[in-house]
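# Notes for the structure review
So you can see what is in the structure, the chains are spelled out below.
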Amino acid sequence: MKEESTSIGKVQSVDTGNVTVLISDENILNSVQVNQIILIRSTKTGEKIIGLISKILRKAISDKIEGEYEPEQIIENVIRVNLVGTLIKKVGVEKNIFKRTLNTVPSIDADCFLLQGKELSEFMTTISSNTENPLRVGTYTISEESQANLDGNKFFQRHATIVGGTGSGKSWTVATILEKSTALKSVNGVLFDLHGEYKPLEKLDNTQLLKIAGPSDDGRTPNTIFLPYWLLSYEEIESLLLDRSDTNAPNQSRKLFDSIISAKKAVLENLGKDEVLNNFTVESPIPYNLNDVLEDIEKEDTKMVPGARGDKQGPLFGKLTRFIQRLRSKQTDKRLNFLFSSDSELQNYEYFSQLMKNLLDFGNNKGIKIIDFSEVPSDILPLITGLIGRLIFSVQQWMEEDKRHPVAVFCDEAHLYIPSNIKGGYEEKGLQSFERIAKEGRKYGISLVVISQRPADVNKTVLSQCGNFVAMRLANPEDQNVIKRLFPDSLGGFADLLPILDVGEALIVGDASLLPSRVLIDKPKIQPKSATVDFWDEWDTNKKSTGITDAVEALRKQQK
Ligand SMILES: Nc1ncnc2c1ncn2[C@@H]1O[C@H](COP(=O)(O)OP(=O)(O)OP(=O)(O)O)[C@@H](O)[C@H]1O
Ligand SMILES: [Mg+2]
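Residues numbered from 1 in each chain as written. Chains lettered and ligands numbered in written order. Predicted model: local features only at pLDDT ≥ 70, side-chain atom pairs only at ≥ 80, totals over all residues. Heavy atoms only, no water.

## Points about the overall build of the chain
The following threshold applies: In this description a helix means any DSSP run of H or I spanning at least four residues, a strand means any run of E spanning at least two, and both kinds are numbered starting from the N terminus. Partly exposed residues are those whose accessible area sits between 20% and 50% of the maximum for their type, while under 20% is buried and over 50% is exposed, using a 1.4 Å probe and protein chains only. Note on contacts: a residue pair qualifies if any of its non-hydrogen atoms lie within 4.5 Å across the two residues. We get accessible surface area from the Shrake-Rupley algorithm with a probe of 1.4 Å; when it comes to residues, only the shown protein chains can shield them. Here Asp and Glu are counted as negative and Lys and Arg as positive; His is not counted, and neither are the chain ends. A charge is said to be at NZ when it belongs to Lys, at CZ for Arg, at CG for Asp and at CD for Glu.
A count of helical and extended segments in the chain gives 17 helices and 21 strands. Seen through its principal axes, the chain has C-alpha atoms that stretch 115 × 60 × 55 Å. Per-residue burial over the chain gives 50% buried out of 560 residues. Put simply, of all contacts in the chain between residues at least 6 apart along the chain, 68% involve residues at least 24 apart. Carbon and sulfur atoms form 48% of the exposed surface of the chain, whose accessible area is close to 28,200 Å². Averaging the positions of the 69 positive and the 77 negative side-chain charges in the chain gives two centres separated by 3 Å.

## Some words on the environment of Ile380
Along the chain, Ile380 turns up in the loop between β16 (368-372) and α12 (381-398). Using a relative accessible area of 2% as the deciding quantity, one classes Ile380 as buried. Taking C-alpha positions, Ile380 is 8.2 Å from Leu240, a pair spaced 140 residues apart along the chain. If we ignore the near neighbours within four places in the chain, the residues touching Ile380 are Leu240, Leu336, Phe338, Leu339 and Tyr426.

## Quick notes on the site of ligand 1
Rule in force here: Summary of the distance rule: residues count as near a molecule or strand when at least one heavy atom falls within 4 Å of that molecule or strand. Within 3.5 Å is the distance limit for a polar contact, defined as a pair of N or O atoms, with the added protein rule that one can donate a hydrogen and the other accept it, and that residues adjacent in sequence qualify only through two side-chain atoms. Note that Gly is not counted as nonpolar here; it falls among the polar residues with everything else outside the nonpolar set of Ala, Val, Leu, Ile, Met, Phe, Trp, Tyr, Cys and Pro and the charged set of Asp, Glu, Lys and Arg.
Near ligand 1, the surroundings consist of 17 residues, among which Thr166, Gly167, Lys170, Ser171 and Ser530 are the closest. The side chain of Thr166 places a nitrogen or oxygen atom 2.5 Å from an oxygen atom of ligand 1. Between ligand 1 and Gln453 there is a distance of 3.0 Å, counted from an oxygen atom to a side-chain nitrogen or oxygen. Per-class residue counts for the shell around ligand 1 are 4 nonpolar, 10 polar and 3 charged.

## Let's talk about a nonpolar patch on the surface
Operational definition: Grouping into patches uses exposed residues only, defined as over 30% relative accessible area, and leaves out salt-bridged ones; the cut-off is 9 Å for like charges and 5 Å for nonpolar side chains (Val, Leu, Ile, Met, Phe, Trp, Tyr). For this document, the term salt bridge refers to a Lys or Arg side-chain nitrogen within 4 Å of an Asp or Glu carboxyl oxygen.
Together, Val14, Leu102, Val105 and Ile108 make up a nonpolar patch on the protein surface, roughly 300 Å² of accessible area in all. Its place among the elements puts Leu102 in the loop between β6 (94-99) and β7 (111-114). A relative accessible area of 34% places Leu102 in the partly exposed class.

## Description of the pairing of strand β18 (residues 446-452)
One face of the sheet, then the other: side chains in a regular strand alternate in exactly this way. So the rule is basically this: Pairing between strands requires that DSSP locate at least two bridges from one strand to the other.
β18 sits mainly inside the fold: 7 of its 7 residues count as buried. Side chains Ile446, Leu448, Val450 and Ser452 of β18 all project onto a buried face; the interleaved residues Ser447, Val449 and Ile451 project onto the opposite face, where all are buried too. Here 5 bridges tie strand β17 (residues 407-411) to β18, and the two strands are oriented parallel to one another. Counted as the bridge partner of Ala408 is Ser447 from β18.

## Re the sheet that holds strand β19 (residues 468-471)
Across the sheet, 12 strands lie side by side as β9-β8-β21-β20-β19-β10-β18-β17-β11-β16-β12-β13; this open sheet has mixed pairing. Whereas interior strands pair on both sides, the edge strands pair on one side only; in this sheet they are β9 (143-150) and β13 (224-225). In this structure, strand β11 (residues 189-193) lies alongside β17, joined through 4 bridges in parallel fashion. Residue pairing in the sheet places Gly189 in a bridge with Ala408 of β17.

## A look at the pairing of strand β21 (residues 517-521)
Burial analysis of β21 places 4 of its 5 residues in the buried class, which makes it a mostly covered element. Note: strand β20 (residues 505-510) against β21, 4 bridges, orientation antiparallel. For Glu505, the partnering residue across the bridge sits in β21 and is Leu520. The antiparallel hairpin formed by β20 and β21 contains 6 residues in its connecting segment.

## A short note on the domain arrangement of the chain
Note the threshold: Domain segmentation is taken from an automatic or database assignment of domains. The term buried area refers to how much accessible surface (probe radius 1.4 Å) is lost by two components on association, counted for both of them together.
As assigned here, the chain comprises domain 1 (9-130), domain 2 (148-228 + 341-555) and domain 3 (236-323). Placing a centre on the C-alpha atoms of domain 2 and another on those of domain 3 gives a separation of 37 Å. For the pair domain 2 and domain 3, the two sides together bury roughly 980 Å², of which 63% comes from carbon and sulfur. Viewed at the interface, domain 3 and domain 2 are joined by 1 salt bridge. Residue Glu236 pairs with Arg390 through a salt bridge whose shortest N-O separation is 2.7 Å. One can count 1 residue pair in polar contact (both at pLDDT 80 or more) joining domain 2 with domain 3. Going through the elements one at a time, α12 and α13 (425-440) are the ones with two or more residues in the side of domain 2 that touches domain 3. When its residues are assigned to classes, the side of domain 2 that touches domain 3 shows 6 nonpolar, 3 polar and 2 charged.

## With respect to the environment of Ser13
Mapped onto the elements of the fold, Ser13 is located in strand β1 (residues 7-15). Along the primary structure Ser13 and Val409 are separated by 396 residues, whereas in three dimensions their C-alpha atoms are 46 Å apart. Excluding its chain neighbours within four sequence positions, the residues that come into contact with Ser13 are Asn18, Val19, Thr20 and Ile108. Only 2.5 Å separates the side chain of Ser13 from the side chain of Thr20, close enough to count as a polar contact.

## Describing the side chain of Ser181
Mapped onto the secondary structure, Ser181 falls in helix α4 (residues 170-181). On the basis of relative accessible area, Ser181 is assigned to the buried category, the value being 8%. Among the polar contacts made by the side chain of Ser181, one reaches the main-chain carbonyl oxygen of Ile177 at a distance of 2.5 Å.

And the structure:
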């Protein structure tokens, strides 16, 4: 890289991580832009310090010269530069290596150069070719001919988040990342698709479409997922069935607990699972028959006990009636078919492992599992996403280390089920699963990719565990602030670009990207069904309405 070509000035002041550069020529000041790359000569031979322009200023300094009345105005053209790393000419046999550390800080009067044209693309290629098997996401905005590559290991190791306002290009970015990952033979990922918009991606290699059963999905097919109630932890089922405001709630909870324990015990005894029998708890995912539990509770609700003057009402007489009604109404709620379906196959002891194979299997043209949640009632969504998150975590945790295969969980529309403000029981239970994955998932090879249009509404603990940010256009100041706070301090004004990014453009910051960069994300070959509607053009066509009756019927049937 020749440096003499584009000298722009000299270092004027230095503080940790930042320098100001005095620009020699006013024309240069007019041509530089925030986020361009600056190369600064280092005191160490063979090394150059790399920085990003964060501010461009023209400062007027009043200088009172003795004996004169009018102070003379001195104009100073300066730019502020964030130091981001070091370019080393040669390390062993490798040439032009970029490191994200600073071995030295620039000295005052060190020469500064602007990277442009061929030099820039050479440099960006250096940055990108740092890993052997990169995850290509797009091209750099400042140098369109250079590919923007991420380190795929680091991207998933330290969790990632993809944020941006509605229509900024998150789903397309996800599709691009999935497309690149499905080229890997043993890719393993689960995508929570809340609107069924990723269905077209079924065509990708190593990708499978799954759907949480809707009200009219009766029989089981390989692609429909049922999550029978017995998979719920005790707290989860309690949050689903118990009305906390009922004065008898503690009695109901206690009775439910006892009944579930004895129902599970009976099943284990019946199957001769002695080892499990010794260690099982109310939480153990063991199938039990809810009707038996219900019968047991009903018995207690109507139980008469011998008293001094003949039979009298038992201790729980009538105290469980409302609970029984609630349970029955849930059981018959068609929308909850995926939980309470009476299909006897779902009572099989082996069903749990079949389900987990569906979620975690890879190879054989499986790998990315797109789970369509579009028919799950929105009020219990957090409970169900949380359940799946918890099951994945637990199975990974209990898997022998040498058999464990890393898996990534992509959570689209995460603000809906990983919320910052918890409203009730379901949300809390669901959130715990994701907090756990965010905090401990790395140890068990589980990565979280949090995708949301409202980062301000996403849980802070989960967001703060993410080491990689793909931030797309964000217009809302509240959301911008959340992201600004998560970006490293040294980046200064980088986040100010958030509101002015183009559709499909992202700021990528974090472990996986050597340099904080502005990237134009590649269009995915197969696009999610999230296309933006052209209202004006659509209204300008000659169309007749035909879909309303069918839509009304679909709403009744709860099925498209
Ligand atoms: N990389 C890209 N290149 C070109 N156009 C894009 C790109 N990404 C997105 N778009 C355009 O923006 C539209 C919206 O993108 P997308 O559905 O990904 O937004 P989103 O951020 O997921 O929105 P929402 O939060 O509402 O789900 C797309 O239909 C497409 O027209
Ligand atoms: Mg989207």
